[in-house]
Amino acid sequence: MILLRTETTPPATATATATAQLTACAGVVSEFFADVFTQLDHWQSQVQSVDGRLHGAELDEVVAAFAIPALERPDSALIGAGFIGDAGDDSGGSLHFAWWIGPIDANPLLAETTQSTRLDVTERRYADYVSDFSALEWYRMPQSMKQTHVTGPYVDYLCTCDYILTITAPVFVDADRTGVEEMFGVVGADVFVRNFERAVMPSLLAIPADAAVLNESGRVVVSTDPGLPVGSVLSEAAKEREWKTIACAEGPFSVAMRKKDTPR
Amino acid sequence: MVSKSSSAPPSARTAVFSQISASGRVEQVVQRLTDAIVLGVLVPGERLPSESQLAKRFGVALVTAREALSLLRENGLIETRRGREGGSFVTPPHARHGAVLRARLGALSRVDLQDMGLYLSVITAAAAAHAADRVLDSDIDNLRRLVVPELPESDQAAGRAEGAFHIQLAVLSQSARLVRDQIRLQAEFGPLLWYASDITTAGRPGGGAATDSTEPNTVTATCSAYQLSVVDALAARDPRGSRAAVEHHFSDHLAQLLEAKAAVDRGDPLEN
């Protein structure tokens, strides 16, 4: 199929077409994340009340009101949603999880669920070794960079025990009214990589060469190249040598296409 | 180490309450909770979930959960207190625990023990090999922080670190299935492995639980050296090296388990 196309199309046009498809795919990826970012912006403003921030049960209620509908909406790409941070009470500084998990199929660790369930971290006892959740990338990065961060793809053993991307946005408050805002938590969403794959695959397949979506570290999120499976890492050197890449406008991703003169 | 544990390796605690398959449900619930209690995964004084919670978590009928709890009570592994602060509580370790554990090790056939050991070794070694192809430098730094120190605060801490290390290896392989299997198998099999390595080294100089905490004991020193060798192989992006290190480690573990099993079968007295 690819051979046929290169044979019947003048080379210059073929390259232009391929580049256009690459750009189009980057657009689809951007759109996917722009949607999630927009939702997170909306949630950010909801957990910040007029005089600063919400607390305890009031916080949980507000989070449930946006997280559960977001998970249960038909065709929702999200599998997790909520707020994680300082509960604003005397919980002794440990992070408060107001986090909901969408309906999941049964897997060897977790039973099937047909509606959203709230994450109970204490039930995930094998994760006890994570003594400090705030040191994890999805919390640490928005805190230090003061901006929305995408973690993954990675195996999440805390919520879904599945392969996911996590998008987290910092929520700030100026508690002491000193003009210095501090992050008191993150609002976030989890996306199954398989859902992202479904959304992106048509545009990835339209690229007339092996193609892949890569994160900032060169880790493959979706790929049409059997030799470059999801989760593997494309080294900078190989990327430079054999792949043409376009950065996505939204999200820390790029779409890569194997150069014509570099066979698998 | 197991009998003295006040907090068990968490990885072992995982599937203690996960769903149970269809056949011999009462026996399976009893077996799983018995293992968890005698191996110290559930600690003395800990309150078990209620009958209805247990039924839900295991995916069994309420009457099944009730019957299982009643058997555990008869065996002296739990006691039930009435009232608002009531419930089923894990009893303190006593002679019966050792007997239960011996019975468990005695009842398991060599073929099953070896098969479980092989399975755990295969999935862990495969995870280590794939991780070597897929790690970033930041992943290696994170993993290195999980390596058990040669002088851990306790043997339990060493056991925790070992379980955590293997889960993290699976995470670095980027395979959700390997992570789930790792967590699940550790719950089933991990405690027996630790028990075996503890009792087979307890009689040796520097073995088992160190009496002098400034002296590294062989269990933790071996674990520490093993984990460092895996991290180094990953850092060198050497899949063969990381795989071989894991296989060697499990092979040693399994040998200790079979040694303990033989001792039980011969009726030798065991440290517990």
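Before reading on, note that the structure itself is shown above.
Every chain's residues receive numbers from 1 upward, in the order its sequence appears when written. The lettering of chains begins at A and the numbering of ligands begins at 1, in the order of writing. Selection of residues for local features in this predicted model requires a pLDDT of at least 70, selection of side-chain atom pairs for listing and counting requires 80 or more, and totals for whole chains, interfaces and linings are taken over all residues. Remark: hydrogens and water are excluded; side-chain values derive from all non-hydrogen atoms of the structure.

S.K.: Honestly, the sheet that holds strand β9 (residues 243-247) of chain A in this entry has me stumped. Any pointers?
M.R.: Residues and elements named next belong to chain A. Each pair of strands is called paired provided DSSP finds at least two bridges between the two strands. Every helix listed is a DSSP run of H or I at least four residues long, and every strand listed is a run of E at least two residues long, numbered separately from the N terminus. Overall, antiparallel pairing links the four strands, which are arranged β8-β7-β10-β9 in an open sheet. Strands with a single pairing partner mark the edges of an open sheet, and in this sheet they are β8 (220-223) and β9. Neighbouring strand axes in the sheet, compared pairwise and without regard to direction, differ in orientation by 25° on average. By the bridge criterion, five bridges tie strand β7 (residues 211-215) to strand β10 (residues 253-258) in an arrangement that is antiparallel. Of the residues in β10, the one forming a bridge with Val213 is Val255. Axes here refer to lines fitted to C-alpha atoms; in helices the fit is confined to the stretch in contact. Angles between the N-to-C directions go from 0 to 180 degrees.

S.K.: Help me out: how do you make sense of the sheet that holds strand β2 (residues 96-101) of chain A in this one?
M.R.: Strands in a sheet are paired, the pairing made by backbone hydrogen bonds, and the direction either parallel or antiparallel. Residue and element names in this part refer to chain A. An order of β3-β2-β1-β6-β5-β4 is seen for the six strands of this open sheet, with the pairing classed as antiparallel. Of all strands in the sheet, those bounded by a partner on one side alone are β3 (117-118) and β4 (149-156). As judged from the seven bridges shared by strand β1 (residues 78-85) and strand β6 (residues 182-192), these two strands associate in the antiparallel manner. Residue pairing across strands places Gly82 opposite Gly188, the latter belonging to β6. We call two residues in contact when some of their heavy atoms are within 4.5 Å. With respect to the sheet, helix α4 (residues 137-145) is in contact with β1, β2, β4, β5 (162-173) and β6, its orientation differing from that of β6 by roughly 130°. Together, β4, β5 and β6 form the strand contacts of helix α5 (residues 193-205), whose direction differs from that of β6 by roughly 65°.

S.K.: How do you make sense of unusual backbone geometry when you look at a structure like this?
M.R.: Trans is the prevailing form of peptide bonds, just as negative phi is the prevailing case for residues other than glycine. Between Gly152 of chain A and the following residue, Pro153 of chain A, the backbone shows a cis peptide bond with an omega angle of 10°. Following the sequence through the fold, Pro153 of chain A ends up in strand β4. Of note, Cys161 of chain A is a non-glycine position whose phi angle comes to about 55°, a positive value. Examined against the element boundaries, Cys161 of chain A turns out to sit in the loop between β4 and β5. Note on exposure labels: buried denotes an accessible area under 20% of the residue type's maximum, exposed denotes more than 50%, and partly exposed covers the range between, all computed with a 1.4 Å probe on protein chains only. The class of Cys161 of chain A is buried, set by a relative accessible area of 0%. Positioned with a positive phi, Gln174 of chain B is a non-glycine residue whose angle comes to about 70°. Structurally, the position occupied by Gln174 of chain B is in the loop between α8 (155-172) and α9 (176-202).

S.K.: Where do I start with the pairing of β6 of chain A in this structure?
M.R.: On any regular strand, side chains alternate: one points to one face of the sheet, the next to the other face. Residue and element names in this part refer to chain A. Counted residue by residue, β6 has 10 buried out of 11 residues, so it is predominantly covered. In the sheet, β5 pairs with β6 via 10 bridges, with the strands oriented antiparallel. Note on β6: the bridge partner recorded for Ala169 is Val187.

S.K.: Would you take a moment to explain the pattern of salt bridges for this structure?
M.R.: Oppositely charged side chains can pair when the atoms bearing their charge come close. One side-chain nitrogen of Lys or Arg within 4 Å of one carboxyl oxygen of Asp or Glu is enough to make a salt bridge. Following the criterion strictly, the structure yields 15 salt bridges over all chains and no others. Residue Asp210 of chain A pairs with Arg258 of chain A through a salt bridge whose shortest N-O separation is 3.3 Å. One end of the pair, Asp210 of chain A, is in the loop between α5 and β7; the other, Arg258 of chain A, is in strand β10, and 48 residues separate them in sequence. Classification of Arg258 of chain A by relative accessible area gives buried; the value is 12%. Asp268 of chain B serves as the salt-bridge partner of Arg266 of chain B, at 3.3 Å between the closest nitrogen and oxygen. Through salt bridges with shared partners, a single network forms among Asp210, Asp225, Arg241, Glu242 and Arg258 of chain A.

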